[in-house]
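Per-entry structural report
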Amino acid sequence: MPPPPPPAAGICRGRCVLSFAAARDRCFSRRFLRAGLRPLAVPLPAPGAGADTAPATTVHMWVPSKPPRNPLLLLHGFGASATWQWAPYLRPLIAAGFDPIVPDLVFFGASCTGLPDRSDAFQASTIKAAMDAIGVTRFGLVGVSYGGFVGYRMAAMFPEAVERLALICAGVCLEEKDLAEGLFPVAGVGEAAALLVPRRPEEVRRLVRLTFVRPPFIMPSCFLWDYIKVMASDHIQEKTELLYALINGRQLSTLPKLTQPTTIIWGEQDRVFPMELAHRLNRHLEGNSRLVVIKNAGHAVNLEKPKEVCTNIIEFFKEPVAEAANGDDKV
């Protein structure tokens, strides 16, 4: 998932004296604080290690100031930290009676680990351990793009914890062979990594143009360099390894089926994970899911159409369980 597009206006002469990305990051953090969430660093020991050992993993997360009564876990995709992707959703979700919990996945934001595992199962186990550490044992889950991969794995591994889930443009049904067969705009894992872990302004431009139906016409290089320096220069190698672990050898036949009611939300013009993957996932879940297609939106549907996506999330998580999955497509 890319960063929100930079402003299209302004004078840019060589380099930005002030950091737009840093200012925007502070703005998003203030929105979380105003919404009643507080930042928390959760230290986690290595599996099998004693409680007195140094933490192997740290998960940074935004949690409600009061014990949550209706917790909803929000998992971000590739891109900047979680605050950049979920800020527009906080107040509507809270007004609807939900208590958002928003972690940074490992190697994003302030979350990190010294362990070598890069699998989505490791990410799922880590976030589950962090949820246990704050005393939240049952929750709803929303995952966008890569966060949907992690959320799907969490739901499969911990069905007693994940009550139901919403997956937004999460191509969990992709197979490694799909890349070579031309389903995606990339032909291999290495090219996918270069796209999703951009290091130069032209790579950010390509990513934004692939993920937004209406990308900004002007994307000044100084803003893009600033974003890369402030928000996208850490853990480049580790993020690349996450993609290799996610895609290498991936087969639909090994993907578990979920028992929880699931809603699948997709941008109709998604060019990163085409609609074929949405229909494939809906079929894979065999009537335990429903597909919602958002028109005039691409892979960054959560940023292009936040009100529409949020409305669908709220409606789904407020439905009685028997109605939450009907297998029908909704446009």
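The text that follows walks through the structure, step by step, so that each part is easy to find. Here the structure is a predicted model, which means the values were calculated and not measured.

**A closer look at the packing of helix 8 (residues 201–211) against helix 9 (residues 221–231)**
Running from N to C, helix 8 and helix 9 cross one another at 95°; their axes reach a closest spacing of 9 Å. Compared by their axis directions, helix 8 and helix 9 come out roughly perpendicular. Taken together, the residues of helix 9 that come into contact with helix 8 (itself represented by Pro201, Val204 and Arg205) are Ser221, Leu224, Trp225 and Ile228. Class assignment of the residues belonging to the contact of helix 8 with helix 9 gives a composition of five nonpolar, one polar and one charged.

**So, helix 7 (residues 189–196)**
Within helix 7, the full set of buried residues consists of Val189, Ala192, Ala193 and Leu195. The buried residues of helix 7 occupy one face: seen down the axis, they fall within an arc of 160°. The secondary structure elements touched by the buried residues of helix 7 are helix 6 (176–180), helix 8 and helix 10 (236–247).

**What to know about the pattern of salt bridges**
Evaluated as defined, the whole model comprises 13 salt bridges. One salt bridge connects Lys177 with Glu175, and the closest N-O pair in it is separated by 3.9 Å. Measuring nitrogen to oxygen at the nearest pair gives 3.6 Å for the salt bridge that ties Lys295 to Glu268. Here Lys295 is found in the loop between strand 9 (289–294) and helix 12 (301–304), whereas its partner Glu268 is found in the loop between strand 8 (262–267) and helix 11 (275–284), with 27 residues between them in sequence. Residue classification places Glu268 among the partly exposed residues on the basis of a relative accessible area of 36%.

**Concerning the packing of helix 1 (residues 20–34) against helix 9**
With their axes 7 Å apart at the nearest point, helix 1 and helix 9 run at an angle of 60° to one another. With respect to helix 9, the element helix 1 is oriented oblique. Residues Phe20, Ala21, Ala22 and Asp25 of helix 1 lie in contact with helix 9, whose contacting residues are Phe223, Asp226, Tyr227, Val230 and Met231. Grouping the amino acids of the contact of helix 1 with helix 9 by side-chain chemistry returns seven nonpolar, no polar and two charged.

**Quick notes on the environment of Asn296**
Relative to the helices and strands, Asn296 resides in the loop between strand 9 and helix 12. Overall, the relative accessible area of 39% leaves Asn296 in the partly exposed class. Each C-alpha atom, one on Asn296 and one on Gln269, is 6.7 Å from the other, the two residues being 27 residues apart in sequence.

**A closer look at the pairing of strand 6 (residues 139–144)**
Consecutive side chains along a regular strand alternate between the two faces of the sheet. Taken across its six residues, strand 6 has six buried, putting it largely inside the fold. Every second residue of strand 6 is oriented toward a common face, with Phe139, Leu141 and Gly143 on one face and Gly140, Val142 and Val144 on the other, all of them buried. Pairing of strand 3 (residues 71–75) with strand 6, which is carried by four bridges, proceeds in the parallel orientation. What sits directly across from Leu74, in strand 6, is Val142.

**A closer look at the side chain of Glu203**
The residue Glu203 is located in helix 8 in this model. Judged by its relative accessible area of 16%, Glu203 is buried. Apart from residues lying up to four places away in sequence, Glu203 is in contact with Ala194 and Pro198.

**Side note on the packing of aromatic side chains**
Applying the stated criterion to the full structure yields twelve aromatic pairs. Each ring, one from Trp86 and one from Tyr89, has its centre 5.2 Å from the other, and the planes form 75°; the classification is edge-to-face. The residues Trp86 and Tyr89 share a single accessibility class, namely buried. Arranged with centres 5.0 Å apart and planes meeting at 75°, the rings of Phe316 and Phe317 form a pair that is edge-to-face. Exposure remark for Phe317: the relative accessible area of 12% places this residue in the buried category. Through a chain of ring-to-ring contacts, the aromatic side chains of Phe28, Trp84 and Tyr227 assemble into a single cluster.

Conventions adopted
- Residues numbered from 1 in each chain as written.
- Predicted model: local features only at pLDDT ≥ 70, side-chain atom pairs only at ≥ 80, totals over all residues.
- Heavy atoms only, no water.
- Axes fitted to C-alpha atoms, helices over the stretch in contact; angles between N-to-C directions.
- Helix = DSSP H or I, 4+ residues; strand = E, 2+ residues; numbered from the N terminus.
- Parallel < 35°, antiparallel > 145°, perpendicular 65-115°, else oblique.
- Contact = heavy atoms within 4.5 Å.
- Nonpolar A, V, L, I, M, F, W, Y, C, P; charged D, E, K, R; others polar.
- Buried < 20%, exposed > 50% of the residue type's maximum accessible area, 1.4 Å probe, protein only.
- Arc of directions from axis to C-beta.
- Salt bridge = Lys/Arg side-chain N within 4 Å of Asp/Glu carboxyl O.
- Pairing = 2+ DSSP bridges.
- Phe/Tyr/Trp six-rings, centres within 6.5 Å; stacked < 30°, edge-to-face > 60°.

Interpretation in functional terms is not warranted from these geometric data alone.
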